[in-house]
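# A closer look at the structure
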Amino acid sequence: MGFGETRTGNGFLAGIDPRIKLCVLVIWSFVLALATGFPGAFAGLAGSLALAILSGPEKPLAFAWRLLSINLFLLFIWLVLPFSMPGERIWSLGPLTLTREGVLLSARLSVQAVGITMAAMAITTTTSVFQLMAAARSMGAPAKLTAMMGLMTRYVTVIKDEFDRLVWAMKIRGFKASTSLHCLRSFANLAGVLLVRGLDRGERVYAAMLCRGYKGRFYFSLERQVNRTDIITLVAFLAMATAVSIINVIHRSHY
Amino acid sequence: MSSTEAIINLRGIRFAYPKRPEVLKGLDFLVGPETRVGVIGSNGSGKSTLLSVIMGLIKPQAGVVEILGKPRSKEADFKEVRPLLGFVFQDANDQLFCPTVADDVAFGPLNLGKTRAEAKEIVAETLAGLGLEDFADRIAYDLSGGEKKLVALATALALRPKILILDEPTTFLDVSAVSKLQAIVSKLDLPMIIVSHDFPFLDTVVTSRLRMEDGRLHPA
Ligand SMILES: Nc1ncnc2c1ncn2[C@@H]1O[C@H](COP(=O)(O)OP(=O)(O)OP(=O)(O)O)[C@@H](O)[C@H]1O
Ligand SMILES: [Mg+2]
């Protein structure tokens, strides 16, 4: 799978209007983020799973793997939160106390985070970057933001190639990663060179855009009208979002 | 040739990058509608700098840049003429920034105010002209270097330019990609400026050569 490649889902969602999908994603993120208890969080996760299935991932395993790697940051939550929430003591190690409240809150946050990222993946893997940008533009997102999004996905691969080449250049001269000062300095140089090259690249890309008459505006169009299937999907989704919100309101808890 | 029918007419151009010795030292350059010129010269002699001056990407400290019969000095002047000068960058990665080839080729025409439908037609026509019909939906980052170069050329030609300007078009290309590019470029009925170190390539596509030395162009 290419680095900047995003379209890998060919399921039902692939045929839905990008504007509708973007709406769905925004609403769904709020519904999940605002969950206040386990019932709401799990109901949300179930909804996200439904979206993921509807996205029809080409390689479900790769999809799952990616989802997992995006959620690695949760480790930090698990390292800190269970020990820093005041509450009922489960276990202690020196000055650190593991609390029941801490564990439960970490667990709920994890469910929510996985749910939101899964929904985001379901949407982004069934929509091309330009379609997403066009949809965001047509819904009032600032032009600069959408342009940044598009250019970023395009140049991630280029910068990764540059990074690989630099690392190779270091390796063929006998460089080995270690914790020595020499090694740290080399990594700092590598980061510096990447940054400078990135800036240079940005300047040249902008110049190339100017040469083709760029006047600060991208002319996207979706070449597509919202149809009946889109509307039905949106309505079905709104029903699901409402249901989860109701669960959220009924089952409140402190963690 | 009178200067009104000249496409590009540079007179007495002087340019230095900030805190660096002067690169262009009173350079004159006249390009007419029939000109197909190759510019050669050693590394760092200022060939790319010359092209940047022509495109208005950098402003000379002295001299006159005349393009399509009018002196150009301000950014607004260049905004108007840049799309008429089909410029192809040395590194195609700088030029191709859209996810798909079709999007990228359509970018210029859309900037020029063409409708989606017109742009689509131009894309199809331009790609067909270069034998790249099957590339429309390809993704820019998984094209080979040679393919990228041809697509970059297509993005410039889609502007329907009055002249083609290529900066080292054959670097990064293998022998077969070079001969393909050579065949395509030599068939184009356009005036052109080609900066290159590749003499066999130049021999087949241009009709004259100039050498950049000491900040000026000399017959070569
Ligand atoms: N952005 C810049 N800032 C400062 N100096 C620069 C910049 N770009 C080029 N130069 C310097 O200006 C001189 C001319 O560079 P230029 O890129 O025009 O040469 P060139 O003839 O295109 O060389 P090459 O054959 O290597 O492409 C060189 O000495 C170079 O170091
Ligand atoms: Mg150069």
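Each chain has its residues counted from 1, following the order in which its sequence is written. Throughout, the order in which chains and ligands are written sets their labels, letters from A for the former and numbers from 1 for the latter. Local features in a predicted model are, by the rule used here, given only for residues with pLDDT of at least 70; side-chain atom pairs are given and counted only at 80 or more, and totals for whole chains, interfaces and linings are based on all residues. For side-chain calculations, the full set of non-hydrogen atoms in the structure is used, while hydrogens and water are omitted.

### Describing the sheet that holds strand β2 (residues 22-31) of chain B
All names here are of chain B. The four strands are arranged β2-β1-β4-β5 in an open sheet whose pairing can be described as antiparallel. The outermost strands of the open sheet, each flanked by one partner alone, are β2 and β5 (70-71). Strands were regarded as paired on the criterion that DSSP finds at least two bridges between them. A run of DSSP states H or I qualifies as a helix once it reaches four residues; a run of E qualifies as a strand once it reaches two. Both are numbered from the N-terminal end. Relative to β5, strand β4 (residues 62-67) runs antiparallel, the two sharing two bridges. Along β5, the bridge assignment pairs isoleucine 67 with lysine 70. The criterion used for residue contact is that any of the two residues' heavy atoms lie within 4.5 Å. Under this scheme, a helix contributes an axis fitted over its contacting stretch, all axes are lines through C-alpha atoms, and angles between N-to-C directions fall in the 0 to 180 degree range. The strands touched by helix α1 (residues 47-55) within the sheet are β1 (8-16), β2 and β4, with β2 carrying the most contacts at an inclination of about 60 degrees.

### Comments concerning the pattern of salt bridges
A pairing counts as a salt bridge when a side-chain nitrogen of Lys or Arg comes within 4 Å of a carboxyl oxygen of Asp or Glu. Enumeration over the complete set of coordinates arrives at 16 salt bridges over all chains. Of the charged contacts, one joins aspartate 164 of chain A and lysine 160 of chain A as a salt bridge, the two residues approaching to 3.1 Å between their closest N and O atoms. In this pair, aspartate 164 of chain A and lysine 160 of chain A both sit in helix α7 (residues 143-171), four residues apart, roughly one turn of the helix. Residue aspartate 104 of chain B is joined to arginine 212 of chain A by a salt bridge in which the shortest nitrogen-to-oxygen separation is 2.8 Å. Of the two residues, aspartate 104 of chain B is situated in helix α4 (residues 101-111) and arginine 212 of chain A in the loop between α8 (181-211) and α9 (228-250); the pairing between them involves two chains. Burial classes follow relative accessibility: with a 1.4 Å probe on protein chains only, a residue under 20% of its type's maximum area counts as buried, one over 50% as exposed, and anything between as partly exposed. The exposure class assigned to aspartate 104 of chain B is buried, which follows from its relative accessible area of 1%. Residues participating in the shared-partner salt-bridge network are Glu162, Arg201 and Arg204 of chain A together with Asp91 and Asp94 of chain B.

### Focus: the pairing of β2 of chain B
For a regular strand, the rule is simple: side chains alternate between the two faces of the sheet. Residue and element names in this part refer to chain B. Sheet topology note: the β1/β2 ladder contains seven bridges and is antiparallel. Bridged to leucine 10 within β2 is phenylalanine 29. Turn length for the β1-β2 hairpin, with the two strands adjacent in sequence and antiparallel, is five residues, and the turn residue lysine 19 shows positive phi of about 60 degrees.

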